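Residue-level listing of the chains:
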Amino acid sequence: MTHTLANAKSRSQSLTADGGIDYTSGKNSAGVKYTFSRTPSNHFSYHAKSLSNVPWITEDITSTNNLNTQSFRHYMNGYADISLPFDIGMRIDLDYISGKNSSSNITVQEETTTEIFNHNETASKLAAGKIEFTRNFGDWEINAGADYTYTYSNQSFTSKSNSGDNNMLRPATDRVKQNLASGYLSADYRLNDKYCQYAIN
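About the criteria used
Residues numbered from 1 in each chain as written. Predicted model: local features only at pLDDT ≥ 70, side-chain atom pairs only at ≥ 80, totals over all residues. Heavy atoms only, no water. Helix = DSSP H or I, 4+ residues; strand = E, 2+ residues; numbered from the N terminus. Buried < 20%, exposed > 50% of the residue type's maximum accessible area, 1.4 Å probe, protein only. Contact = heavy atoms within 4.5 Å. Areas by Shrake-Rupley, 256 points an atom, 1.4 Å probe, with all protein chains shown as cover. Phe/Tyr/Trp six-rings, centres within 6.5 Å; stacked < 30°, edge-to-face > 60°. Lys NZ or Arg CZ within 6 Å of the ring centre and 35° of its normal. Salt bridge = Lys/Arg side-chain N within 4 Å of Asp/Glu carboxyl O. Patch = residues over 30% accessible without salt bridge, like charges linked within 9 Å, V, L, I, M, F, W, Y side chains within 5 Å. Pairing = 2+ DSSP bridges.

1. Things to note about the overall build of the chain
Next, step 1: What the chain contains, in helices and strands, is zero helices and eight strands.
Next, step 2: In sequence order, the chain lays out its α and β elements as β-β-β-β-β-β-β-β.
Next, step 3: In the chain, which comprises 201 residues, the share counted as buried stands at 15%.
Next, step 4: Contacts in the chain between residues far apart in sequence, at least 24 positions, make up 61% of those at least 6 positions apart.
Next, step 5: Entry remark: accessible area of the chain is about 14,100 Å², with carbon and sulfur atoms responsible for 55%.

Next comes the structure, spelled out in structure tokens:
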């Protein structure tokens, strides 16, 4: 029979701040909002000791794990509703997000004095925008627009051990970029309080 005695502790700090502004004049309006969030310190520790009376298991196992993480994120959102000549309405939406996360983990096996250190870091960005034009023709409503999205992610991983065997702990980097764009055209027709919609994307 094996008994495991474990003790875990967690401590975290976080900060969030935001602000924004809106403007309206007649049929026109616009606004911007910004949010910043940060976790300067997040610590988790775990200590475990396994005791066994099984004959073929002659050693106790004692391990300690310490995980430290940090992160931050910037988020900005903006919009505008603008009335153009010829009764054309224009809507613009913009979003931007950037952030970074890092974590360090140390695991120690006390009986063998084996230490394993892992570090992971991720940086990411997202930028997106959309513009739409709207025009009414009697019972018809015509919508035309386009949107664009850019995403970026860069992740790195490193690991070390004092055991001398690092064949399975090689550093790695993963970088991804993506650009997406599309346009669309749609028509809505109102018929006896019911809608008939046609769209081309």
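2. Quick word on the packing of aromatic side chains
Next, step 1: Per the counting criterion, the structure on display carries one aromatic pair.
Next, step 2: For the pair W140 and Y189, a centre-to-centre distance of 4.8 Å together with 40° between the ring planes defines the contact as tilted. One end of the pair, W140, is in strand β6 (residues 140-161); the other, Y189, is in strand β7 (residues 172-191), with 49 residues separating them in the sequence.
Next, step 3: On the accessibility criterion, W140 (33% relative accessible area) is partly exposed.
Next, step 4: The ring of F137 carries R135 above its face, with NZ or CZ at 4.5 Å from the centroid.

3. Some points on the pattern of salt bridges
Next, step 1: All told, the structure shown has three salt bridges when counted by the stated rule.
Next, step 2: D93 serves as the salt-bridge partner of R91, at 2.9 Å between the closest nitrogen and oxygen.
Next, step 3: A residue is classified by how much of its surface remains accessible, and R91, at 30% relative accessible area, is partly exposed.
Next, step 4: Looking at D93, the relative accessible area reads 22%, which means it is partly exposed.
Next, step 5: For E121, the salt bridge identified is with K100, shortest N-O distance 3.5 Å. Of this pair, E121 sits in strand β5 (residues 114-137) while K100 is found in strand β4 (residues 88-109), placing the two residues 21 residues apart along the sequence.
Next, step 6: Residue K100 is classed as partly exposed on the basis of its relative accessible area, which comes to 33%.
Next, step 7: Among the charged side chains, a network of salt bridges with common partners joins D81, R91 and D93.

4. Focus: the side chain of H43
Next, step 1: Residue position: H43 is located in strand β2 (residues 28-52).
Next, step 2: Taking the relative accessible area as the measure of exposure, H43 reaches 16% and is therefore buried.
Next, step 3: Residue contacts for H43: discarding those within four places in its chain leaves K9, S10, R11, N66, L67 and N68.

5. Some details on a nonpolar patch on the surface
Next, step 1: Taken together, the side chains of I21, V32, Y34, M76 and Y96 make up a nonpolar region of the molecular surface, amounting to roughly 460 Å² of accessible area.
Next, step 2: Relative to the helices and strands, V32 is located in strand β2.
Next, step 3: Judged by relative accessible area, V32 falls into the partly exposed class, the value being 41%.

6. Considerations on the pairing of β5
Next, step 1: In this structure, β4 lies alongside β5, joined through 22 bridges in antiparallel fashion. Opposite Y96, over in β5, you have A127 as the bridge partner.
Next, step 2: Connecting the antiparallel pair β4 and β5 is a turn made up of four residues, with T113 showing a positive phi of about 55°.
Next, step 3: With 22 bridges connecting them, β5 and β6 associate as antiparallel partners.

7. Overview of the environment of T113
Next, step 1: In this structure, T113 sits in the loop between β4 and β5.
Next, step 2: Looking at T113, the relative accessible area reads 53%, which means it is exposed.
Next, step 3: Taking the C-alpha atoms as reference points, T113 and N162, 49 residues apart in sequence, are found 8.6 Å from one another.

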